[in-house]
Amino acid sequence: MSWARKRKLLYFSGITVFVLVFIVLPIVWIFYKAPTCFDGKQNQDELGVDCGGVCSLLCPSQYIPLNVLWSRFSKVNDGVYNVLAYVENPNVGASANNLNYVFKLYDSKGILLKERVGQTFVPPGATVALFEPDLQTGNLIPQRVEFSFTSGAVWIKQNSIETGLSISQAVISREDTAPRLSATVTNKTIDQIKNIEAVAIIYNAEGNTISFSRTIIDSITGKKSVIINFNWPKPFNDTYARNEILLRILK
């Protein structure tokens, strides 16, 4: 190779390096955006657009829908009722969020007496009692309740923290006057757990729901226990056989 040709090659190489370093790279730096779970594209190892893989949002093929096992209403006083839906999340590693729902109370003729809407979530692998208090119907008496979700869930990969809580020593008293259910809730972890919802369900011998109630625990220090109480103003309309207490850590 002649000297003139070598000089041209060196000159061209220098221009190329200059263009790459001072023009191309700055342009790439300005306009390039690394793949994320919020860019509206299926990239990285995602199974769908911004879902699956490294993303916390799950794709529809990765979860089983929630199962609403039953819904009930319970009389508190004349014209005042509580309602509850018993919902199962079969997905151990995923929570269902941004769930819009509606309760509807009907009379014996199918006329809508009262409606209550809300938004909630269901923790991973949990069965929860979605509770709404104090639906007032005046002089009208409800005969049935309907519950339904009115929006699809946002499914997020998440580990359960409710497993750090346990229930023990549940005792019923004052059944003939104003029933009270007392129980001990224990925080098995070393960390403080705050804002705990506890819902108690009362069953008869046939396994049918008699009544239910809810209370909120502000916090439980690590490795400590608290006693909670559920109260009813009047005796149950059936014979008490057993209880179930469901816990959920509210967001």
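Residues numbered from 1 in each chain as written. Predicted model: local features only at pLDDT ≥ 70, side-chain atom pairs only at ≥ 80, totals over all residues. Heavy atoms only, no water.

(A) Examining the overall build of the protein more closely. On a plain count of helices and strands, the protein comes out with one helix and 13 strands. Going from the N terminus to the C terminus, the protein shows its helices and strands as α-β-β-β-β-β-β-β-β-β-β-β-β-β. When each of the 251 residues of the protein is scored for burial, the buried share is 38%. Taking contacts inside the protein between residues at least 6 apart in sequence as the whole, the part at least 24 apart equals 65%. Carbon and sulfur atoms make up 55% of the accessible area of the protein, which totals about 14800 Å². (Helix = DSSP H or I, 4+ residues; strand = E, 2+ residues; numbered from the N terminus. Buried < 20%, exposed > 50% of the residue type's maximum accessible area, 1.4 Å probe, protein only. Contact = heavy atoms within 4.5 Å. Areas by Shrake-Rupley, 256 points an atom, 1.4 Å probe, with all protein chains shown as cover.)

(B) Region of interest: the pattern of salt bridges. Taken as a whole and assessed by the stated rule, the structure comprises six salt bridges. Of the charged contacts, one joins Glu132 and Arg116 as a salt bridge, the two residues approaching to 2.9 Å between their closest N and O atoms. A residue pair is termed long-range when its members are at least 10 positions apart, and Glu132 in strand β5 (residues 127–136) and Arg116 in strand β4 (residues 112–122) qualify at 16 residues. Accessibility expressed as a relative area gives 11% for Glu132, which makes it buried. With a closest N to O distance of 3.0 Å, Glu197 and Arg248 form a salt bridge. Pair noted here: Glu197 is in strand β10 (residues 193–203) and Arg248 is in strand β13 (residues 242–249), with a separation of 51 residues, a long-range link. As far as the burial class goes, Glu197 and Arg248 line up, both buried. A network of salt bridges, in which partner residues are shared, links Glu197, Arg214 and Arg248. (Salt bridge = Lys/Arg side-chain N within 4 Å of Asp/Glu carboxyl O.)

(C) Quick look at the nonpolar core. If you look at the biggest cluster of nonpolar residues, it comprises 21 residues, and the most contacted ones within it are Leu165, Leu181, Ile196, Phe230 and Ile245. Taken together, the elements giving at least two residues each to this core come down to β8 (165–173), β9 (180–187), β10, β11 (209–220), β12 (225–231) and β13. The greatest single-element share of this core, amounting to five residues, is contributed by β10. In contact with Ile196, other than residues within four places in its own chain, are Leu165, Thr215, Ile216, Ile217, Ile220, Leu247, Arg248 and Ile249. In terms of nonpolar packing, the next biggest core, distinct from the first, is built from 20 residues, Leu58, Phe103, Leu105 and Leu130 among them. (Core = buried A, V, L, I, M, F, W, Y, C linked by side-chain atoms within 4.5 Å.)

(D) Representation of the sheet that holds β11. The three strands are arranged β11-β10-β13 in an open sheet whose pairing can be described as antiparallel. The open sheet has two free edges, formed respectively by β11 and β13, since each of these has just one partner strand. Averaged over all pairs of adjacent strands, the angle between their axes in this sheet comes to 20°, without regard to strand direction. The pairing of β10 with β13 spans eight bridges and is classified as antiparallel. The residue of β13 that forms the bridge with Ile196 is Ile249. (Pairing = 2+ DSSP bridges. Axes fitted to C-alpha atoms, helices over the stretch in contact; angles between N-to-C directions.)

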